[in-house]
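# Secondary and tertiary structure notes
Letter by letter, the chains look like this.
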Amino acid sequence: MMGMELIQNMIEYYEELYPVTDEQKKFYSKEIEKYQTPTKVLRIGCGTGQFENYLAKKGLDVTGLETSRELLDSANRRRRTQLMAIRFFQMSTIEMSRFLGKGFYDIISCLNDRILFIHDETLMKKFFFDCKQLLAPGGELIIQMTNFNHISRAPVVQLSVRESIRAKLFTDIISEENGGIYLKQYVETGNGKLLPVIEKAAIYPLIKEEIEEFAKNAGFKEVSFYGDYNMSPLTDECENLVCIAR
């Protein structure tokens, strides 16, 4: 799902560059209330498992998928106790419908632009179909990503810089003449050193209208969009979008 051969260059900074915010916690608390305990949640592209550990401590049944071995190792190291219902697998979206329980999950999430790395339209349609198959009746799919209705189609576009006290993460979207669209990412450390994270990964910059179309074709009946985890209205000016498909 992700060209991550250089991800080790940002492992140290990953959780501060992709923090779990209070807004995200409140948003999920509201969604989780809709389901019986223990709510069963699946995260696609779970990174270092920071959010998954938070949810497991709240008593949820948590599964995290990650394609990067380095991130997965970090996620497994976070597991302080074997008593929590939490597990991590190295698995891509292509494989998940073969190995995970159909009709099992209440909430499936794909956050922080990880959906972009499903870089082919056919595979993207399969992703929505497979998520629908994995969800229990009444379950929901949550997507959080850059709002590409807000992004120009210039040859090179720099997304907003993710910043922590110790590091900055730069993300460039590169559109080539042959129609290919790629993502390049690098981190700047506190001493000004630039380290590559993703040199050139093919992406599919989904827009709102495609999410709605693919979700409804996969059997989702209702697709809602927001500008952030506070559920502000989504406009073309919003930098990010949050989608709930039910």
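Just above, that's the structure.
This one's a predicted model, so the numbers in the text were calculated from it and none came from an experiment. Note on numbering: residues in each chain are counted from 1, in written sequence order. Only residues with pLDDT of at least 70 are given local features in this predicted model, and only at 80 or more are side-chain atom pairs given and counted; all residues enter the totals for whole chains, interfaces and linings. To get the side-chain values, take all heavy atoms of the structure and skip hydrogens and water.

## Description of the state of the cysteines
Formally: A pair of cysteine sulfur atoms is labelled a disulfide when the two atoms are within 2.5 Å. Throughout this description, buried means an accessible area under 20% of the type-specific maximum (1.4 Å probe, protein chains only), exposed means over 50%, and partly exposed covers the range between.
Enumeration according to the criterion identifies zero disulfides in this entry. Free cysteine: Cys110, not disulfide-bonded; nearest cysteine sulfur from Cys131 at 7.6 Å. Cys243 takes part in no disulfide bond, and the closest cysteine sulfur to it belongs to Cys131, at a distance of 11 Å. For Cys243, a relative accessible area of 1% gives the class buried.

## Remarks on the packing of aromatic side chains
Stated precisely, the cut-off is as follows: Aromatic pairing here means that ring centres of Phe, Tyr or Trp (its six-membered ring) are within 6.5 Å. Orientation follows from the plane angle: under 30 degrees is stacked, over 60 is edge-to-face, and everything else is tilted. Helix numbers and strand numbers start at the N terminus; a helix is a DSSP run of H or I with at least 4 residues, a strand a run of E with at least 2.
Here the structure, examined in full by the defined rule, presents ten aromatic pairs. Ring centres 5.3 Å apart and planes at 55° place the aromatic pair Phe27 and Tyr229 in the tilted group. Of the two residues, Phe27 is situated in helix α2 (residues 22-32) and Tyr229 in the loop between β11 (223-226) and β12 (240-245); the sequence distance between them amounts to 202 residues. Using a relative accessible area of 3% as the deciding quantity, one classes Phe27 as buried. With a centroid separation of 5.4 Å and an interplanar angle of 85°, the aromatic rings of Phe127 and Phe128 are classed as edge-to-face. Both residues of the pair, Phe127 and Phe128, count as buried.

## Comments concerning the packing of helix α6 (residues 121-134) against helix α7 (residues 208-217)
Defined as follows: Axis definition: a line fitted to C-alpha atoms, limited for helices to the stretch in contact. Angles are taken between N-to-C directions and run from 0 to 180 degrees. Working definition: roughly parallel below 35 degrees, roughly antiparallel above 145 degrees, roughly perpendicular at 65 to 115 degrees, and oblique for all remaining angles. Helix crossings get a hand from a simple test, with the near helix turned counterclockwise from the far one by less than a right angle marking a left-handed crossing and a clockwise turn marking a right-handed one. Should any heavy atoms of two residues lie within 4.5 Å, those residues are counted as being in contact. Ten residue types, Ala, Val, Leu, Ile, Met, Phe, Trp, Tyr, Cys and Pro, are classed as nonpolar, four, Asp, Glu, Lys and Arg, as charged, and the remainder, Gly among them, as polar.
Relative orientation of the contacting elements α6 and α7 amounts to 55°, with a least axis distance of 8 Å. If you check the angle between α6 and α7, you find them oblique. α7 is crossed by α6, and the crossing has right-handed handedness. Seen from α6, the contacting residues are Glu121, Met124, Lys125 and Phe128; seen from α7, they are Ile211, Phe214 and Ala215. Split by residue class, the contact of α6 with α7 holds five nonpolar, no polar and two charged.

## A word on the nonpolar core
Rules: Definition used in this section: a nonpolar core is a set of buried Ala, Val, Leu, Ile, Met, Phe, Trp, Tyr and Cys residues joined via side-chain atoms within 4.5 Å.
Ranked by size, the top nonpolar core spans 56 residues in total, and within it Ile115, Phe127, Phe128 and Leu141 carry the most contacts. Considering every element that reaches this core, the biggest residue donor is α6, with five residues. Excluding residues within four positions of it along the chain, Phe127 makes contact with Ile44, Thr93, Met96, Cys110, Ile115, Ile118 and Leu141. The next biggest cluster of nonpolar side chains, apart from the first, holds 24 residues, and it includes Phe51, Leu55, Phe88 and Ile142.

## Some points on the layout of surface pockets
Selection rule: Think of a 1 Å grid over just the protein atoms. A cavity is a set of points where a 1.4 Å probe fits yet cannot get out, a pocket is an open set with protein on both sides within 12 Å along at least five of seven lines, and lining residues have an atom within 4 Å of a point. Grid points are joined across faces, edges and corners, and a volume is the space filled by probe spheres set on the points.
The calculated volume of the largest pocket comes to roughly 780 Å³. If you go around the largest pocket, you meet 39 residues; those closest to its centre are Asn112, Asp113, Gln144, Arg162 and Asn240. Elements with a minimum of two residues in the lining of the largest pocket: α1 (14-17), α2, β5 (135-146), β7 (162-163), β9 (181-189) and β12. Split into classes, the residues belonging to the lining of the largest pocket amount to 16 nonpolar, 14 polar and nine charged.

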